[in-house]
Amino acid sequence: MVHIVARTLDRSVSCPDCALPSSHVHSRYERRLADTPVGDQPVLIELTVRRLYCDNDQCGRRTFVEQVTGLTFRYGRRTPASRRLLAVVAVALAGRAGARLAAALQSRVSRATLLRAIMAMPDPLWAVPKVLGVDDFATRRGHHYGTVLIDCETRQPLDLLPGRDASTLASWLREHPGAEIICRDRAGSYADGARTGAPNAVQVADRFHLWQNLGTAAEATIRLHSNCLKTAVTSPDSPASECDSTDATKAMSPIEARIRERHATIHALLAQGHGIREIARELHMGGNTVRRNARAAAPEQLLSGRHQPRPSQLDPYKAHLDKRWAEGHTNAIQLHTELQALGYRGSYQIISDYLRPRRRRRIRVVPPAPPGIRQVTGWMMRHPERLSDGEGEQFAAILAHCPELKALHTHVRGFAEILQTRSGQHLKDWITATRTADLPRLHAFATGLEKDWDAVVQGLSTRWNSGPVEGRVNHIKMIKRQMFGRAKLPLLRKRVLLTAAQGDRHQAGVALDRTAS
């Protein structure tokens, strides 16, 4: 540890109340101040200060302690530089994590000290924004929610409110008048709160939430026509019964393909007049392997592994097994019982080995599974150019099979065109067109648009949206996870506001350094 021993100069000091200079010393005492570390060593300043008399009889203060500018303040046990360092750590990491980092920085403090430092810091200053963003966030998902307010132009968070009802937002707007535009989602409570608290403000419905609501309506419509998804992928040429191994649908295993290729190569070389040893040297094989392939007239003899069949206890009963297999009796346990009644004394494994090649040749052709409802919804809500070839073919087959889904897709693409080009003036024509189609879920979506007509048209016509607010909600989630979800709203609010302010100051400092360089 680095110890610094110092004392103040013998000079006159002004009284903090009446500002009258005084050099009349009452007493002296030592103050111990923790400072920022030097290298890897903590620093402790032992400063001797004076207590002085105030010579002004009209002043209510009789004595006062001199303060050293930039080094001491009343009741402080840390220097301003050390306090600033711990304040940054506290805002970034809060309690336990901040205490661990402070210990690594040779500034040992408790988590409670850091939390008190956060709560004692003043809120960042801000002016009432022209464009206000409103959205909800979860303090405990499914149980407790709050409201976040930000400046959509500067993306600065302004406040975090408890609850997400209309009265909470209306009260805040009445206390902070001046917002001209309010960006919000489709929640009715925020619409009522904005209408009550700021009746002259223009409300803007977020485009993403409009598209999300349309996707919900499209999914509900596709769910009503889920049978069309199953019949659209069923081909009349698809076999529904079992087929033999001679069909081209059976895939050849890598080992079988290698055996067949090797057998064909060896027999081709034999036909050209090459000998066994010469072929073995050329193909880097053993002589016995070449001889075994040369003796096999067909590769099936190599695959079955029975070039010279040996007598078996099952030989007298193979005709019976073949007959029962052809009749459809394929249960080896049942066949073993039947053969035992006929006098068979062999094991069950011999019967199972005899039937195994036949089981491998029997394959069941299963038609492809139809695409799911959510999958088709994703295809419909996605731009057609972003579908793969396979997805485009399946989606085209579904639309060709179901006229209702084809009409739905046409209306979805029409709404997407309005949203992308921000041509909200065409929304009325789009709603009129949807009324003519037999799509009840889409009619309900259109009715919802008409109930919030002004905000929807503004959202489809202007550049303002709730994107900055959604980004701030993600920031709130990050801070919640960092504190393991234990922070109550006052601490969460302080950290959100102060973290954003520190980030803005850091970016301004970086920009200033770049300008200076």
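Everything discussed here concerns the structure shown above.
Residues numbered from 1 in each chain as written. Predicted model: local features only at pLDDT ≥ 70, side-chain atom pairs only at ≥ 80, totals over all residues. Heavy atoms only, no water.

**Q** Lay out the pattern of salt bridges in plain terms, naming residues and giving numbers.
**A** In a structure, side chains of opposite charge can pair up when their charged atoms sit close to one another. Under the definition given, this model contains 20 salt bridges. Residues K494 and D123 are paired through a salt bridge, measuring 2.8 Å at the closest nitrogen-oxygen approach. You can see K494 sitting in helix α22 (residues 489-516) and its partner D123 sitting in the loop between α3 (111-120) and β7 (131-140), a full 371 residues away along the chain. The exposure class of K494 is buried, given its relative accessible area of 9%. A salt bridge links R324 to E327; its shortest N-O distance comes to 3.1 Å. Bridged by salt links that share partners, the residues D123, D159, R493 and K494 form one connected network. (Salt bridge = Lys/Arg side-chain N within 4 Å of Asp/Glu carboxyl O. Helix = DSSP H or I, 4+ residues; strand = E, 2+ residues; numbered from the N terminus. Buried < 20%, exposed > 50% of the residue type's maximum accessible area, 1.4 Å probe, protein only.)

**Q** Quick rundown of the pairing of strand β11 (residues 202-205)? Include the residues and the values.
**A** Pairing geometry for strand β10 (residues 181-184) and β11, over 4 bridges, is parallel. If you follow C183 over to β11, its bridge partner there is V204. Assessed by its sense of winding, the connection that carries the chain from β10 through helix α5 (residues 188-197) to β11 is right-handed. (Pairing = 2+ DSSP bridges. Right-handed = clockwise from strand over helix to strand, strands pointing away.)

**Q** Any details on helix α19 (residues 440-451)? Residues and values, ideally.
**A** In a regular helix each residue adds 1.5 Å, so 12 residues correspond to 16 Å; α19 covers 17 Å between its end C-alpha atoms and thus fits that length. Regarding α19, the residues found buried are L442, F445, A446 and L449. Mapping the buried residues of α19 onto a view down its axis gives an arc of 100°, with all of them on the same face. Turning to α19, the residues buried within the fold contact α6 (207-224), α17 (403-421), α18 (427-435) and α20 (453-459). (Expected span 1.5 Å × (residues − 1). Arc of directions from axis to C-beta. Contact = heavy atoms within 4.5 Å.)

**Q** With reference to specific residues and values, describe the packing of aromatic side chains.
**A** Within a pair of aromatic rings, the relevant descriptors are the distance that separates the centres and the angle that separates the planes. Scanning the model with the defined rule gives 6 aromatic pairs in all. Judged by centre distance (5.7 Å) and plane angle (75°), the rings of F415 and F445 are edge-to-face. In this pair, F415 sits in helix α17 while F445 sits in helix α19, placing the two residues 30 residues apart along the sequence. Accessibility expressed as a relative area gives 0% for F415, which makes it buried. Judged by centre distance (6.1 Å) and plane angle (85°), the ring pair of W430 and F445 falls under edge-to-face. (Phe/Tyr/Trp six-rings, centres within 6.5 Å; stacked < 30°, edge-to-face > 60°.)

Keep in mind that these numbers describe shape and distance, not what the molecule does.
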